[in-house]
Amino acid sequence: MATALDQTRAAPPAARRERRRRGGRDGSRRLAALLLSPTLLVLALVVGYPVLAGFRESLFARGQGLDADGFVVEGDRFVGLDNYTAIFSGYRAEVFWNAFGNTTFFTVTTVTLETLLGVCMALIMHWAFRGRGLVRASVLVPWAIPTAISGLLWRWIFQADGAFNAVLGRQVLWTADGWPSRLAVVIAEVWKTSPFIGLLVLAGLQLIPRDVYEAARVDGAGALQQFWRITLPLVRPALLVAVLFRMLDVLRMFDLPAVLIGVNKRSVETLTMLSWFEASNLRYGSAAAYATILFAYIALIAYLFVKLLGADIIGEARQGRGKGKA
């Protein structure tokens, strides 16, 4: 013990400072882990356990069936990956790929249109004009309406004798099965959720200093150049996060097409609808398989979006970690 103490005292001052600094970092990490442990425990219970339970359920089948000897058995049976292979083979494959295509179509079209309209809304709300507060409050109305109520509202508008056909002067079956029903879902979804992107982009616009625009005007930059070289790059972090959240939400779309068009409609059937339909018919293993595939699809899209476009969701934490390394 005395020898170790003598060695510590004999150590150079720089080594002692480095040792104390390292001990302080280890203490901070232990304190951070202790403070985060309740949150991590709650996430494990409300997120981790349901995901694992759903995957386990997808490996079983309920109801009557035949075993290897041809005898009728009831209850839960372990079927392994049979629920997954059944999705990609036979008649279920056509149903699955149709729902997969609809889900992807709604995600791409609605998020693209919502982004364009949301940015336009944010730019309008950011201008200093009389009645700006009223405009901001009115923009929130579509986002505040519950989705089911919004679906009923648009179902009334898209009826054969509704307001939309009266404006067009044509009789279009918007709520039937076909391309008009897809277009109706896109219109209703864009109307409801564009304000979400607009509000997040508006928050990013308000963080841009006015001095930047004044300096650009002094240098002779026009309005379009200011938008492309100043506004868009500086608001890009908030915009990417808003787009990512909307993509994750649309990939799980269920209530709006179900209320507006109806369930079991081929043109608007999504992966969430397939999972719900299987569960409502007591085929819980197949329903869990659809939900697991959808979960993997959403996780893949989120990962590629963050990696390719650089949506810095935890930017402050990364900056703090970089400062610590420096």
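Just so it is clear, the model here is predicted, and its values are computed rather than measured. Sequence order as written defines the numbering, with residues in each chain counted from 1. Residues qualify for local features only when their pLDDT is at least 70, as the model is predicted, and side-chain atom pairs are given and counted only at 80 or more; totals for whole chains, interfaces and linings, by contrast, use all residues. Heavy atoms from the whole structure form the basis of all side-chain values; hydrogens and water molecules are not counted.

### Quick notes on the UniProt feature "transmembrane region" (unreviewed entry) in the protein chain
UniProt positions are given in the numbering used here, feature names are shortened, and annotations may be inferred rather than shown by experiment. Here the UniProt-annotated "transmembrane region" (unreviewed entry) positions come out as residues 31-52, 105-128, 140-158, 183-207, 227-248 and 287-306. Helical segments are the DSSP runs of H or I of at least four residues, strand segments are the runs of E of at least two, and each set is numbered from the N terminus. The span residues 227-248 carries 100% helix and 0% strand; its end-to-end C-alpha distance comes to 28 Å. For the annotated span residues 287-306, helix accounts for 100% and strand for 0% of the residues, and the straight-line distance between the end C-alpha atoms is 29 Å.

### What to know about the packing of aromatic side chains
Whether two aromatic rings pair depends on their centres lying within 6.5 Å, for rings of Phe, Tyr and Trp, where Trp uses its six-membered ring; planes under 30 degrees apart make the pair stacked, over 60 edge-to-face, and the rest tilted. For the coordinates displayed, the defined rule picks out 18 aromatic pairs. Grouped by ring-pair contacts, the aromatic residues F88, F96, W97, F100, Y290 and Y297 constitute a single cluster. Two limits define a charge over a ring: the Lys NZ or Arg CZ must be within 6 Å of the ring centre, and within 35 degrees of the ring normal. Here R182 stacks its cationic end above the ring of F105, 5.9 Å away from the centre of that ring. The ring of W179 has R182 lying over it, and the distance from NZ or CZ to the ring centre is 4.5 Å.

### Focus on unusual backbone geometry
One non-glycine residue, N264, lies in the positive phi region at around 60°. Notably, L282 is not glycine yet its phi reads approximately 65°, a positive angle. Turning to its location among the elements, L282 is positioned in the loop between α12 (271-280) and α13 (284-309). Buried means the residue's accessible area, taken with a 1.4 Å probe over protein chains only, is under 20% of the maximum for its type, while exposed means over 50%, and partly exposed covers the values in between. For L282, a relative accessible area of 56% puts it in the exposed group.

### So, the pattern of salt bridges
Pairs may arise between side chains of opposite charge once their charged atoms sit close together. Salt bridges are identified by distance alone: a Lys or Arg side-chain nitrogen within 4 Å of an Asp or Glu carboxyl oxygen. Evaluation of the coordinates by the stated rule reveals seven salt bridges. Between R266 and E94 there is a salt bridge, with its nearest N and O atoms 3.5 Å apart. Of this pair, R266 sits in the loop between α11 (255-260) and α12 while E94 sits in helix α4 (residues 91-126), placing them 172 residues apart in sequence. Residue classification places R266 among the partly exposed positions, given a relative accessible area of 41%. With a closest N to O distance of 2.9 Å, E114 and R246 form a salt bridge. With E114 in helix α4 and R246 in helix α10 (residues 223-250), this pair connects stretches of sequence that are 132 residues apart. Pair check on accessibility: E114 and R246 agree, each one buried. Each member of the salt-bridge network shares a partner with another, and the members are E114, E189, R246, D249 and R252.

### Comments concerning the confidence of the model for the protein chain
For every residue, the pLDDT score states the predictor's confidence, bounded by 0 at the bottom and 100 at the top. On average, residues of the protein chain score 82 in pLDDT, and 83% of them are at 70 or above. Residues count as neighbours in contact if any of their non-hydrogen atoms are within 4.5 Å of one another. With pLDDT under 50 throughout, residues 316-326 is counted as low confidence; its partners more than four residues away or in other chains account for one contact.

### Observations concerning the packing of α4 against α13
When two helices pack together, their arrangement is given by the angle between the helix axes and by the axis-to-axis distance. As a rule, the C-alpha atoms of each element are fitted with a line to give its axis, helices using only the stretch in contact, and angles between N-to-C directions run from 0 to 180 degrees. Relative to each other, α4 and α13 sit at 35°, their axes nearing to 13 Å. Judged by the twist between their axes, the crossing of α4 over α13 is right-handed. Contacts from R92, F96, F100 and T104 in α4 reach S286, Y290, I293 and Y297 in α13. Along the lines of polarity and charge, the residues of the contact of α4 with α13 split into five nonpolar, two polar and one charged. For any helix crossing, the convention is left-handed if the near helix is rotated counterclockwise from the far helix by under a right angle, and right-handed if that rotation is clockwise. Charged residues are taken to be Asp, Glu, Lys and Arg, nonpolar residues to be Ala, Val, Leu, Ile, Met, Phe, Trp, Tyr, Cys and Pro, and polar residues to be all remaining types, Gly included.

### With respect to the nonpolar core
Side-chain atoms within 4.5 Å link the members of a nonpolar core, which is a set of buried Ala, Val, Leu, Ile, Met, Phe, Trp, Tyr and Cys residues. Of all hydrophobic cores here, the largest spans 56 residues; its most connected members are F106, V185, V201 and L260. In terms of residue count, helix α8 (residues 179-205) provides more of this core than any other element does, ten residues in total. Look past the residues within four positions of L260 in its chain and what remains in contact with it is G151, W154, R155, F158, T175, A184, V185 and A188.

### Considerations on the packing of α4 against α10
Two elements in contact, α4 and α10, have axes separated by 10 Å at closest approach and are oriented at 140°. By the angle between their axes, α4 is oblique relative to α10. Here the hand of the crossing between α4 and α10 comes out right-handed. Along its contact with α4, which presents F106, T107, T110, V111, E114, T115, V119 and L123, the element α10 presents F227, T231, L239, V243, R246, M247 and V250. Across the contact of α4 with α10, the residue classes break down as nine nonpolar, four polar and two charged. Reported orientations rely on four angle classes, namely roughly parallel under 35 degrees, roughly antiparallel over 145, roughly perpendicular from 65 to 115, and oblique for the rest.

### Details of the environment of F88
Looking at where F88 falls in the secondary structure, it is placed in the loop between α3 (82-87) and α4. Using a relative accessible area of 42% as the deciding quantity, one classes F88 as partly exposed. Aside from chain neighbours lying at most four places away, what touches F88 is A93, F96, W97 and I293.

### Overview of a nonpolar patch on the surface
On the surface, a nonpolar cluster with roughly 940 Å² of combined accessible area is contributed by L36, L40, L41, V42, L43, L45, V46, V47, V51 and F295. The element contributing the most residues to the nonpolar patch is helix α2 (residues 13-57), with nine residues. Counting through the fold element by element, L43 comes out in helix α2. Note that patches include only residues with greater than 30% relative accessible area and no salt bridge, and the join distances are 9 Å for like charges and 5 Å for nonpolar side chains (Val, Leu, Ile, Met, Phe, Trp, Tyr). Surface exposure here means Shrake-Rupley accessible area, sampled with a 1.4 Å probe, where a residue is shielded only by the protein chains that are shown.

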